[in-house]
Amino acid sequence: MYERKQKLQNMILLVIDAVCLVVSYLLASCLSLWLRPDSLQITMHDIVGSLWIVFLAYFCVFVFFNMNQYLLKRDIYEEMVYVVKVNVFVAAVLAVVFYAAKHIWLLPRGVWVNTVLLNLVFMCIGHLAAKKILKAHLVSGPKQHIYLVTTSDRAEKVLRQLSMSEDYASYAISIGILDENWKGKKIQNCLVVADKETLFEFARTQIVDEVYINVPGENLKFVENCIRGFEEMGITVHLNISVLEGHDGFCKQIDMIGQYPVVSFAPRFYDYNKLVLKRLIDIAGAIVGLLFTGIVTIVLAPAIKLESPGPLFFKQKRVGRNGRYFYIYKFRSMYEDAEERKAALMEKNEMKGAMFKMKDDPRVTRVGKFIRATSLDELPQFWNILKGDMSLVGTRPPTVDEFQAYEAHHKRRLCMKPGLTGMWQVSGRSNIEDFEEVVRLDCYYLDHWSLQLDAKILLKTFVVVFKKVGSR
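These notes cover the structure that comes with them.

Rules behind the numbers
- Residues numbered from 1 in each chain as written.
- Predicted model: local features only at pLDDT ≥ 70, side-chain atom pairs only at ≥ 80, totals over all residues.
- Heavy atoms only, no water.
- Phe/Tyr/Trp six-rings, centres within 6.5 Å; stacked < 30°, edge-to-face > 60°.
- Helix = DSSP H or I, 4+ residues; strand = E, 2+ residues; numbered from the N terminus.
- Buried < 20%, exposed > 50% of the residue type's maximum accessible area, 1.4 Å probe, protein only.
- Lys NZ or Arg CZ within 6 Å of the ring centre and 35° of its normal.
- Pairing = 2+ DSSP bridges.
- Contact = heavy atoms within 4.5 Å.
- Axes fitted to C-alpha atoms, helices over the stretch in contact; angles between N-to-C directions.

### Structural notes on the packing of aromatic side chains
By the definition in use, this model includes eight aromatic pairs. Aromatic pair Tyr25 and Phe98: ring centres 5.8 Å apart, planes at 40°, arrangement tilted. In this pair, Tyr25 is assigned in helix α1 (residues 2-35) and Phe98 in helix α4 (residues 76-100), connecting sequence segments 73 residues apart. Judged on exposure class, the residue Tyr25 and its partner Phe98 are both buried. Relative to Tyr406, the ring of Phe403 has its centre 5.7 Å away and its plane inclined at 65°; by these criteria the two rings are edge-to-face. Each residue in the set Tyr147, Phe200, Phe202 and Phe230 is aromatic and connected to the rest through ring pairs, giving one cluster. The ring of Tyr327 has Lys315 lying over it, and the distance from NZ or CZ to the ring centre is 4.4 Å.

Written out as structure tokens, the structure reads:
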């Protein structure tokens, strides 16, 4: 958790600092050309051609003098001192790199001084703006739901330590007290939601992004069972001890929660940079998909509306990442009273487990059978992808009643954003009649996720849709 936020902060400042230095050099060079056009044998082409040297200089500064991870901990005075120190280093590195590249003639004294002075001003403005935006995001951005598992004598101290963290405002903390039944009580404005008996029930049914266990060392056996229980749901677990043996098959890493060093356990830790790239691909794919959806809507809308009364789009509450609720959108393929008729059809469910599938479902319209067979009914979900509720590739989101029937290990399939397509969709779709097989395929995807696997699934999806494999 702490490490991911640090990576995001560093990435933002990396871009800001690079832009500041390049803009400063360009402005300083253009200013010299404007003020002394005859005395300098430099053209705009020469200036643009030397930008690679500026980037090289910036790389050297970044590698040897990167203290950006402390941005939110520095006050304004400390930030000014930091920026001045960096620019002293920038001045030296610029001169050395331009000289080593035998382009020192492109960095006359006036350009050199003005570049450093302008960069000092731009960096101050950029850092202060980034600090303000990041702090505002911590307060108003999406909350990270943390489930604190501790004892009655530790709860106050742990919460007090967490409150000292710079990103405390971004936490939504729920508490499970192991040695007392304090359900409903508030500790420093954080609600106690479970005791030892209901510890896992809360995590199974509510939004829990990460669990933080802080208990005395003598409770080691109970802690081991706790970790296994939460891992089974696909939830990342943080523990307030440095070493814990006997968890082969799960990833572990050192992290920080507030001032506490912890060992984090999860079935898989994902590279943050790759997740950012996955999101960018989702956005690009969603934009293209929505353009295609708009064209298809013009053709489908009259057919859907003429066959049966009701809305064009079907809106249904689904369960997404770590138990978050959202509304999924599809072209309506059933009669308007389909949800009310579902209960009467449950005895004909062909799936074993917490999922409903039925051949020749009487609730499906004739147009609905066509758009289901061709998967056209799924197209409006590009809107869910653009919003961030879903991804192009992931695990399919369950309905609320399916989710409420989940066993603990089923929830693990929700530890990543649900997808428009996924592993089980390209492995038989409706031909798979055992929900445990769906879970197995989804867990395989989660354990082996990569951008290459996403690309492979997307390509297979086109083949499956074209051949109508497992479509109903």
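Back to the write-up after that little detour.
### Considerations on the sheet that holds strand β3 (residues 186-187)
Overall, mixed pairing links the eight strands, which are arranged β3-β4-β2-β1-β5-β6-β8-β7 in an open sheet. Each edge of the open sheet carries a strand with a single partner, namely β3 and β7 (251-257). When strand β5 (residues 210-214) meets strand β6 (residues 236-239), the two strands line up parallel, connected through four bridges. Residue pairing for β6: Val211 is matched across the bridge by Val237. Contacts from helix α6 (residues 155-163) reach β1 (144-150), β2 (171-177), β3, β4 (190-194), β5, β7 and β8 (260-266) within the one sheet, and its direction differs from that of β2 by about 165°. Against the sheet, helix α8 (residues 220-232) touches β1, β5, β6 and β8, its axis set at about 160° to β6.

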